[in-house]
There are 2 protein chains.
Amino acid sequence: MAAHRQDPAVPARRARSAAPATIAEVAAEAGVGKATAARALGNYGAVSPDARARVLAAAEKLRYRPNSLARSMTTGVTQTIGVIVADISNPFFAGVIRGIADALDATQYTAIVLSADEKLAKEKAAVGVLMDKQVDAIILASAALLPDQTEHILEAMSRNIPIVLIDRKVRGLDLDAVVINNREAARDAVRRFVELGHRRIGFVWGPAVRDGARDRAGVLAAAEIRLWSETERLRGYTEALDEAGIPFDPVLVTSCDHNEEATVGAFGAMLALPDPATAVLTTETDALVGTLRAIRDAGLKHPDDISIIGFDDSSWASVMAPPLTMIAQPMLELGRAAARHALARITGDDFDVVVETIPAALVPRASLAPPRAPAGVTAGGGR
Amino acid sequence: MAAHRQDPAVPARRARSAAPATIAEVAAEAGVGKATAARALGNYGAVSPDARARVLAAAEKLRYRPNSLARSMTTGVTQTIGVIVADISNPFFAGVIRGIADALDATQYTAIVLSADEKLAKEKAAVGVLMDKQVDAIILASAALLPDQTEHILEAMSRNIPIVLIDRKVRGLDLDAVVINNREAARDAVRRFVELGHRRIGFVWGPAVRDGARDRAGVLAAAEIRLWSETERLRGYTEALDEAGIPFDPVLVTSCDHNEEATVGAFGAMLALPDPATAVLTTETDALVGTLRAIRDAGLKHPDDISIIGFDDSSWASVMAPPLTMIAQPMLELGRAAARHALARITGDDFDVVVETIPAALVPRASLAPPRAPAGVTAGGGR
DNA sequence: CTGTTAGCGCTTTCAT
DNA sequence: ATGAAAGCGCTAACAG
């Protein structure tokens, strides 16, 4: 019978009824010393075949399992890599996690995953938990925007815990990172629109900007204090416009909250313009879904009324009518690379900071078309 | 390529350069005994305000962080709940994880997540890892189909680790579980079809069945050795048919592999029948996507040519043209409930096994319509 | 209220 | 090749 003492601070020690066998018990059962048993079980040092066999048999009999806590206690190593994703319900991160796990499968390491739900406070707590659990490295998709939001990362660094950033670089931090070529991917997408003849190209989601500051400089400045990946995507957008000599029009960059509901309104407004968007690049799945709803609400159809390219391919995109052109992020690849870098750091190789950029791939489908001839102008492809 | 030292057994002990402060150091700095420091830091026992202040100051100064491994070592408790999901890239499980994390947020417990990728071998390894890490409880979405595939679960049970099953009961195991009302949800969906006048109702994904055994009994028998949730959904389907006096036609239940590609072919065949399906219930997102592709390939449209209801609502479903009627699984709720049950078990309450069933909700959208009048019969609703 | 002592289960010198 | 003993950082008895 387990004695239950309700001491609030200290949880009751687990009932020892089914206490697992310890190495001492295995040693006793096998008639050898603890050290010999440990060597046989741990497969190191030198053990006579005879002793080894007896130990293994005893372990089997007692259903011995090593207590990894105790092992880590003495070795100072947990064989565990902590992963903190910004939002586990984002399929992108789910894919990344899978990539990490895949890469680790071939090793003795295990990934333990925590989600910060895009909240800095939760991210900090998660880093704390992982440090306290003595993980050997941390793979982190951080929500930190500003340098003064990075104490938790600096703390981990000062404790010599290797950190690999994924998906998002953090401004002001010189850390290993694995990211997508966000800027180029966005630029290529916009180029695609330009080639088709579009000049009114929308961008969903841009940064929230105070109404007064809604000019090019204001928007770009606001983007600087957003997630690195968002900033990059917006930069790619502006670069492609510049290339094509298309003036930047802040009205074509949303300033709404980053959720589906708000997007419906924001993009609806963009469609109601006297000179509406004829093409749109969306930076996330929810941005795309909101955009699609706004298009439908306006009674419009893609690609006839508007061309679409979205970040984050999904099997759904292929069954839309017509199917959507998407930018596929190589999430598995990204996860695998992150795991590799973490492992390399753990090994202790003292190499320079490495930032690996993995290219996203445009998946062309049927959501692209030339812009409709503007009202009052007879149809018949201009160029 | 990083240099990999393949020392299989013993990883290098982490450099102690930035060795974190221990409680002994804090105690010394504060000029008190280890125990007093521990009490102050751990917020238990009785400590004089003066001593407490000094300890806290010292801890702050040395940037002390408790080593949770050491703590767990002596307390026998890790304040950690292990979560094993069948597939982390399935948005359903992502939502469940989030629900678990939400519920745990209010406690001292942390969830650590592992994905088994629907592979029994990985699941077993994951259970092993969690046992070795001494988690206080395990929340598990198991891929185990048969009683003889459950040794790992039995093992954990025999070690008195509370286990809460999610999404899938495991046949032959009497364990706490939190599940969806799969059978009723499927039955209601089919009833909906029946009410609209459908009598040729497809079911994607059914169990794989040897061609020879493709009769009602064969299909149901095959379903018995599939995931519990799948079995239930098929049962709901057959129950609704029985109710309506519609004969079970094995041709309307797929027997293909459970992936998108295979589904396209399988459902295509169902559409090519002389007496094709006029409605279809899909049990997973990939099943739905494959089905939609087959419909498109056949040049058909929903809901005119075929009505659709799918399991697992997604924001995508709402922007399909027309939007799809879906069965929304309350994943957050399910996760929260699972966490609650796990916590309750940890507390040691010795209650009976509890199975909580959370209802799924049909989200009606525009993908439902009466069947087209069969060829050669003039239109005009029969009943 | 506080310090001392004894472990938790494991790995690792260090003798033998 | 093997065993005895020390110790990882912490908490928990037990004295004071």
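Summary of the structure given here.

About the criteria used
- Residues numbered from 1 in each chain as written.
- Chains lettered and ligands numbered in written order.
- Predicted model: local features only at pLDDT ≥ 70, side-chain atom pairs only at ≥ 80, totals over all residues.
- Heavy atoms only, no water.
- Helix = DSSP H or I, 4+ residues; strand = E, 2+ residues; numbered from the N terminus.
- Rg over C-alpha atoms; globule rule 2.2 N^0.38 Å.
- Buried < 20%, exposed > 50% of the residue type's maximum accessible area, 1.4 Å probe, protein only.
- Contact = heavy atoms within 4.5 Å.
- Areas by Shrake-Rupley, 256 points an atom, 1.4 Å probe, with all protein chains shown as cover.
- Buried area = accessible area lost by both parts, 1.4 Å probe.
- Salt bridge = Lys/Arg side-chain N within 4 Å of Asp/Glu carboxyl O.
- Near = heavy atom within 4 Å.
- Polar contact = N/O pair within 3.5 Å; in protein donor to acceptor, adjacent residues only side chain to side chain.
- Core = buried A, V, L, I, M, F, W, Y, C linked by side-chain atoms within 4.5 Å.
- Phe/Tyr/Trp six-rings, centres within 6.5 Å; stacked < 30°, edge-to-face > 60°.
- Least-squares fit on C-alpha atoms with pLDDT ≥ 70 in both.

**Focus: the overall build of chain A**
Part 1 of the reasoning: Looking only at helices and strands, one finds 13 helices and eleven strands in chain A.
Part 2 of the reasoning: Computed over C-alpha atoms, the radius of gyration of chain A comes to 27 Å, more than 25% over the 21 Å expected from 2.2 N^0.38 for 383 residues, which places it beyond the range of a compact globule.
Part 3 of the reasoning: Expressed as lengths along the three principal axes of its C-alpha atoms, the size of chain A is roughly 95 × 45 × 40 Å.
Part 4 of the reasoning: In chain A, which comprises 383 residues, the share counted as buried stands at 50%.
Part 5 of the reasoning: Look at the contacts in chain A between residues 6 or more apart in sequence, and 72% of them connect residues 24 or more apart.
Part 6 of the reasoning: As displayed, chain A offers around 16400 Å² of accessible surface, 54% of which is attributable to carbon and sulfur atoms.

**What about the interface of chain A and chain B?**
Often, the extent of an interface is quoted as the loss of accessible area on bringing the components together.
Part 1 of the reasoning: Counting residues at the interface gives 77 residues for chain A and 79 residues for chain B.
Part 2 of the reasoning: Counting the surface lost from both chain A and chain B, the interface buries some 6800 Å², and carbon and sulfur atoms represent 55% of this.
Part 3 of the reasoning: With a closest N to O distance of 3.3 Å, B:D105 and A:K122 form a salt bridge.
Part 4 of the reasoning: Counting residues per element, the ones that place at least two in the side of chain A that touches chain B are α4 (68-75), α5 (91-105), β2 (110-115), α6 (120-132), α7 (151-158) and α12 (285-297) of chain A.

**Quick word on the protein's contact with DNA strand C**
Part 1 of the reasoning: Close to DNA strand C lie 29 residues, the nearest being A:I23, A:K34, A:Y64, B:T36 and B:S48.
Part 2 of the reasoning: Counting only atoms of DNA strand C within 4 Å of the protein, the sugar-phosphate share comes to 62%.
Part 3 of the reasoning: Measuring from a base nitrogen of DNA strand C, one finds a backbone N or O atom of A:A70 at 3.4 Å.
Part 4 of the reasoning: Within the contact set of DNA strand C, a phosphate oxygen lies 2.5 Å away from a side-chain nitrogen or oxygen of B:T36.
Part 5 of the reasoning: If you list the elements that add at least two residues to the surface near DNA strand C, you get α2 (34-42) and α4 of chain A together with α2 (34-42) and α4 (68-75) of chain B.
Part 6 of the reasoning: Of the residues forming the surface near DNA strand C, the biggest block, five residues, is contributed by α4(A).

**Digging into the nonpolar core**
Part 1 of the reasoning: A:Y237, A:L281, A:W316, B:Y237, B:L281 and B:W316 are the most contacted members of the largest nonpolar core, which totals 155 residues.
Part 2 of the reasoning: For this core, the element with the most residues is α5(A), which contributes seven residues.
Part 3 of the reasoning: Setting aside residues no more than four positions away along its own chain, A:Y237 makes contact with A:A186, A:V190, A:I201, A:G202, A:F203, A:F248, A:L252 and A:V253.
Part 4 of the reasoning: In this structure, A:A144, A:I153, A:I161 and B:I84 belong to the second largest nonpolar core, which totals 42 residues.

**A look at the packing of aromatic side chains**
Part 1 of the reasoning: Counted by the stated rule, this structure contains six aromatic pairs over all chains.
Part 2 of the reasoning: Judged by centre distance (6.4 Å) and plane angle (75°), the ring pair of A:Y237 and A:F248 falls under edge-to-face. Here the residue A:Y237 occupies a position in helix α10 (residues 228-244), and A:F248 occupies one in the loop between α10 and α11 (260-271), the gap between them amounting to eleven residues. Neither A:Y237 nor A:F248 differs from the other in exposure class; each is buried.
Part 3 of the reasoning: Ring centres 5.0 Å apart and planes at 70° place the aromatic pair B:F92 and B:F93 in the edge-to-face group.
Part 4 of the reasoning: We classify B:F92 as buried; its relative accessible area is 4%.

**Focus on the environment of A:G206**
Residue and element names in this part refer to chain A.
Part 1 of the reasoning: For G206, the location among the structural elements is in the loop between β6 (201-204) and α9 (216-224).
Part 2 of the reasoning: Along the sequence, G206 and D188 sit 18 residues apart, while their C-alpha atoms lie 18 Å from each other.
Part 3 of the reasoning: With residues up to four places along the chain from it excluded, the contact list for G206 reads V253, T254 and H258.

**Considerations on the relation of the copies chain A and chain B**
A rotation about some axis, followed by a shift along it, carries one copy of the chain onto the other.
Part 1 of the reasoning: Between the two copies, chain A and chain B, the superposition gives an RMSD of 0.1 Å; the rotation angle is 180° and the shift along the axis is 0.0 Å. The transformation relating the two chain copies, once decomposed into turn and shift, fits a two-fold axis.
Part 2 of the reasoning: Counting the interface residues of chain A, we find that 96% of their copies in chain B are interface residues as well, pointing to one common contact surface.

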